[in-house]
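Overview (structure and organization)
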Amino acid sequence: MQWERYQVMASIKETLYQLEEKAGRARVVAGGTDLLVEIQESVAQGEPLTLLDISQIEEIRGITESKGHLFIGAATTISEIANSPLIRTKARALAQGARSLGSPQIRNVATIGGNVVNAQPAADTSIPLIALGAEAKIVSSEGESYVPVEDLFRGAGVSAIDPSREILAQFRVPISEAPARASAMERLARRKAFTLPTLSVAVWVEMDDEEHHFRQVRIVAAPVGPIPWRAKRAEQALKNAAITRANVSRAAAIAREDAHPRESLRGGADYRKDMVEILTRRAFVDGLSWLNKELYD
Amino acid sequence: MTERSITFTLNGFKQTVRVPENLLLLDLLREDLGLTGTKRGCGVGECSACTVLVNGHPVASCIYPAVKVDGRTVMTVEGLARTQKDLHPLQTWFLKLGAVQCGFCIPGILLSAKALLDRNPSPTAEEVREAIAGNLCRCAGYQKIVEAVLAAADELRGESLPSRKETGGEGALGRSMLKLDGIPKVMGTAQFAADLKRPGMLFGAMVWSPYPHARIIAIDTDPALSAEGVAAVLTAKDIPGPNSYGTIVKDQSFLAAQKVRYVGDPVAVVIAKEENVARLAAEKVRVNYEVLPPLFDPREAMKPEASRIHDRGNILIHSKIRKGNIEEGFRQADVIVEKSFTTQTVEHAYMEPEAALAFWDGEMLVVHCCSQGPHYHRQEIARMVNLPVSKVRVIQATTGGGFGGKIDLSLQHFVALGTFVTGKPVKMVWTREESFRTSTKRHAFYLNYRVGATRQGRLTAAYAEIIGNTGAYASFGPAVITRSATMALGPYDCPNVHVDAYGIYTNTQISGAMRGFGAPQMSPCHEPIVDEIARQCGLSPVEMRRINILRPGSSTVTQQILTAGVGALETLEKIATEMK
């Protein structure tokens, strides 16, 4: 199948107008590195499709910091995310994830919004965004709303966002200097570059004011199910817990116990389950080292 | 299709072109603007042979809509140098340091490297590797490419290059030579088969079997023939000569007439005025099949009661080696090790998918194609169209990798038949998926070994059973299987050997020639066995090999007495020294 029309849009307003006018026969595309391949490979013969490319809309591009948040335009490319000093210092796990997505050629074109809306369970920016507690700004002709990124997944490849009606415009990532926070992502794959992960784990930690205890943490692992998976019991185990090797190891073991990954070409179910524990532990060590914090025995 | 006018800067010159909104940048460059230096290796952004720079950034042009370059600048490999005299330092160093082999990935890699050096004039080797991580190469190896990029960076910074001077020697001997067809390859002007064009040329598309094993009841070509723009639909009935071919055993039909034996067995060829017209019409050819139970496992297919894939049975070849007295050998053994192994099917995955162009030059039928065996292809084409060999010319186009996978016929004969029937030039280019689906593979093996040795570590007996999945047709199967049998013990000397190697037909992709030709499957088997015997004898792995390795005077498994030129022991000693 092929698309009939491909329009490079200049504004959100115009895009929403077009979506409404085409009433289901148009859909939003950003970098298109996944979508254009999918459309060409699909055999479905539907009505002629119009693609509205939002990747050059300035108002949804770029990274800024304001009032305790990072704002990331959904049309920001993966390369821009990976190379951004702001992201590298304040949302480090996201920079780590972005750096390992696809190839340089893909990263130069693919966008962070597209990566999330494509809704693959182990997408390299979705995992850290969820760990970081990011929210997505979704606009439609009915208005705009903020939704936790975590709530955007309905199934493997199925997003809560309807690309024939809605636009994911921006991400909002909470950041702060105090209390101290850190994040890290560990990604295991068969090769160092240009390959999908066998397993990824992203963690985010917030320490108490004395920096002896975790205040709260988030642990996200994937692919462990059809949608990104949070190790909630492991997170609970570290709530207000002392920052010690034993506590982190115990939480990692709980994450392993609760994870039920499946067998695929990229890894066995048992292997993936074991790796949940190891990557979780490594991600904590890496994240805390960023804060010059070592784990006490 | 809705069209739009776009204006962009291409290799320094402003261009305004009208493009359909569904046109991809790669097709705009290659088909409309004739810049064929940019290559299509996969069509889905996975290989980056199609890399061009948009506003200085490498992108995969095969998944990049052409309308997106409106107002931007695009650079292709043709923009690196206008003539041979003004090659970019990247191009000259790729040539000097031997970074160019088949050349298919090179335009994309040069551009990835260009983008890197533009933003970072002094990259580390690691940064070069990161920059070219998306560009797949299958032959030259990345190391020389990395060295060439670093050398070009040095030159661009105006630094002297003492360590990278050409190695010199007297006359031609001992001196690095520039690759004969290297310059066109770094300039993007080398003509691969997909880059060729002829006026009035038609395009071919294949109709493949969707079943692994089925009988053809009827083929209805009418719905395809009646489609606008279709010139011919060729089936077995259109073949003037005998409908059989094969390099060793002629067990394969040019186009299946009675039976299909794997998913991808060619059934018909649609010839039309445009490629997409041919592809759409190919979907309209109706083939009525009686589906037969398939056999996928050679261990099942070789059983006497198994259903027959070919009339003469499922055992293509049984290659036997008998040396000495195997029973006696095992009686002498103090240690006996038994192990079973499996090896997998491997795809060559050359960067260039198959492509060919045929036309009449007077009464000479000419075929330009990617090929590793133009003489063999010529024989088979002449036989197929019933022309004397002297009336068929096969010209090897610049070939983007082969590794054994382009020795067999792939599509050369289909374009030849298309031209023979229509009188017009016919071109065909396969997608990566078609290439994967239909090209030959490395044989997958099931192996059972039993090897005995004395307590001192001297091998006394070796038994091996090798069951190779040769797929639906013979291809080079008999030769590969026989080679495996002769390589069953690798570089080791054993007085008593018994090998049974089988090539078994199954309803899977055809296995054929691939680098090493049956030998690479053997080393992961005999080496761990030698290690295990060493452990049980209390010997070091090196000592165990020293005792048994072939040397001048040794008798191989086929009882050839080796005389000179046996380098195995020398190799072993060098490895042993390196490992200390």
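Residues numbered from 1 in each chain as written. Chains lettered and ligands numbered in written order. Predicted model: local features only at pLDDT ≥ 70, side-chain atom pairs only at ≥ 80, totals over all residues.

In this section: unusual backbone geometry. Leaving glycine out, the prevailing phi sign among residues is negative, and the prevailing peptide bond configuration is trans. Residue and element names in this part refer to chain A. Here the bond from Ala 222 into Pro 223 is cis, since omega is 0°, no more than 30 degrees from zero. Here Pro 223 lies in the loop between strand S13 (214-222) and strand S14 (229-230). Of note, Ala 23 is a non-glycine position whose phi angle comes to about 40°, a positive value. You can see Ala 23 is positioned in the loop between helix H1 (12-22) and strand S2 (26-29). For Ala 23, a count of 9 C-beta atoms within 10 Å translates into the label exposed. Phi is positive for Phe 194, close to 55°, though the residue is something other than glycine. One can find Phe 194 in the loop between strand S11 (181-188) and strand S12 (199-207). Its 20 C-beta neighbours within 10 Å are what place Phe 194 among the buried residues. (Helix = DSSP H or I, 4+ residues; strand = E, 2+ residues; numbered from the N terminus. Buried ≥ 20, exposed ≤ 12 C-beta atoms within 10 Å, placed from the backbone.)

Quick look at the domain arrangement of chain A now. All names here are of chain A. Split by domain assignment, chain A resolves into domain 1 (5-53), domain 2 (62-174) and domain 3 (181-290). Once you take the C-alpha centre of each, domain 1 and domain 2 turn out to be 19 Å apart. Domain 1 puts 13 residues into the contact, and the matching count from domain 2 is 17 residues. Every element with two or more residues in the side of domain 1 that touches domain 2 is listed here: H1 and S2. Taken together, the residues that form the side of domain 1 that touches domain 2 break down as 6 nonpolar, 4 polar and 3 charged. (Domains from an automatic or database assignment. Contact = placed C-beta atoms within 7 Å. Nonpolar A, V, L, I, M, F, W, Y, C, P; charged D, E, K, R; others polar.)

This brings us to the sheet that holds strand S6 (residues 135-140) of chain A. Sheet strands associate in pairs through backbone hydrogen bonding, adopting either a parallel or an antiparallel arrangement. Residue and element names in this part refer to chain A. In spatial order, the strands read S4-S5-S10-S6-S7; together these 5 strands make up an open sheet with antiparallel pairing. Looking at the sheet topology across the chains shown, the edges are occupied by strand S4 (63-66) and strand S7 (143-148). Averaged over neighbouring strand pairs, the angle between their axes works out to 25° when direction is ignored. In this structure, S4 lies alongside strand S5 (residues 69-73), joined through 4 bridges in antiparallel fashion. Directly across from Glu 65, in S5, lies its bridge partner Leu 70. (Pairing = 2+ DSSP bridges. Axes fitted to C-alpha atoms, helices over the stretch in contact; angles between N-to-C directions.)

Turning our attention to the sheet that holds strand S17 (residues 392-396) of chain B. Residue and element names in this part refer to chain B. Strand order in the open sheet formed by 7 strands is S8-S10-S6-S18-S15-S16-S17, with mixed pairing between adjacent strands. Each end of this open sheet is capped by a strand with a single partner; those strands are strand S8 (230-234) and S17. Between one strand axis and the next, the sheet turns through 20° on average, direction left out of account. Bridge count for strand S15 (residues 355-361) against strand S16 (residues 364-369) is 6 bridges, and the pairing is antiparallel. By the bridge assignment for S16, Leu 357 is matched with His 368. Packed onto the sheet, helix H11 (residues 374-385) meets S16 and S17 and runs at close to 145° relative to S17.

Strand residues, when the strand is regular, have side chains that alternate between the two faces of the sheet. Residue and element names in this part refer to chain B. Where strand S1 (residues 3-10) and strand S2 (residues 13-20) come together, 8 bridges link them in antiparallel fashion. In the strand pairing of S2, Glu 3 is matched with Pro 20. With antiparallel pairing between neighbouring strands as the criterion, S1 and S2 make up a hairpin whose turn holds 2 residues, including Asn 11 at a positive phi of roughly 50°.

With that settled, consider the interface of chain B and chain A. In this assembly, 22 residues from chain B lie in contact with 19 residues from chain A. Among the elements that line the side of chain B that touches chain A, the one with the most residues is strand S4 (residues 57-60) of chain B, at 4 residues. Residues that form the side of chain B that touches chain A fall into these classes: 11 nonpolar, 8 polar and 3 charged.

We now examine the nonpolar core. Core analysis: the largest hydrophobic core is formed by 280 residues, its most contacted members being A:Val203, A:Ala221 and B:Val270. Apart from residues no more than four positions distant in its own chain, B:Val270 is found in contact with B:Gly204, B:Ala205, B:Val207, B:Ala224, B:Val230, B:Val233, B:Ala278, B:Ala281, B:Ala282 and B:Val285. (Core = buried A, V, L, I, M, F, W, Y, C linked by C-beta atoms within 7 Å.)

Let's shift gears to the packing of helix H3 (residues 106-119) of chain B against helix H5 (residues 142-156) of chain B. Residues and elements named next belong to chain B. Where H3 contacts H5, the axes come no closer than 11 Å and their chain directions differ by 40°. Regarding the angle of H3 to H5, the classification is oblique. The handedness of the crossing between H3 and H5 comes out as right-handed. Between H3 and H5, the contacting residues are Ile 109, Ala 113 and Leu 117 on the first element and Ile 145, Val 149, Ala 152, Ala 153 and Leu 156 on the second. Across the contact of H3 with H5, the residue classes tally to 8 nonpolar, no polar and no charged. (Parallel < 35°, antiparallel > 145°, perpendicular 65-115°, else oblique. Left-handed = near helix turned anticlockwise from the far one by under 90°.)

This part covers helix H11 (residues 269-290) of chain A. All names here are of chain A. In this model, H11 (22 residues) spans 31 Å end to end at C-alpha, consistent with the 32 Å of a helix rising 1.5 Å per residue. When the local axis directions of H11 are compared, the greatest deviation, roughly 25°, occurs at Met 275. Of the residues making up H11, those classed as buried are Arg 272, Lys 273, Met 275, Val 276, Glu 277, Leu 279, Thr 280, Arg 281, Ala 283, Phe 284, Gly 287 and Leu 288. Backbone geometry just downstream of H11 places Asn 292 in the positive-phi region, at approximately 55°. (Expected span 1.5 Å × (residues − 1). Bend = angle between axes of the 7 residues up to and from the residue.)

All names here are of chain B. Where H11 meets helix H12 (residues 412-422), the closest approach of the two axes is 10 Å, and the angle between their N-to-C directions is 40°. On the basis of the axis angle, H11 is oblique to H12. With respect to the hand of their crossing, H11 and H12 are arranged in right-handed fashion. Residues His 377, Glu 380, Ile 381, Met 384 and Val 385 of H11 touch H12, and the partners they reach there are Gln 412, His 413, Ala 416, Leu 417 and Phe 420. For the contact of H11 with H12, the class distribution of residues is 6 nonpolar, 3 polar and 1 charged.

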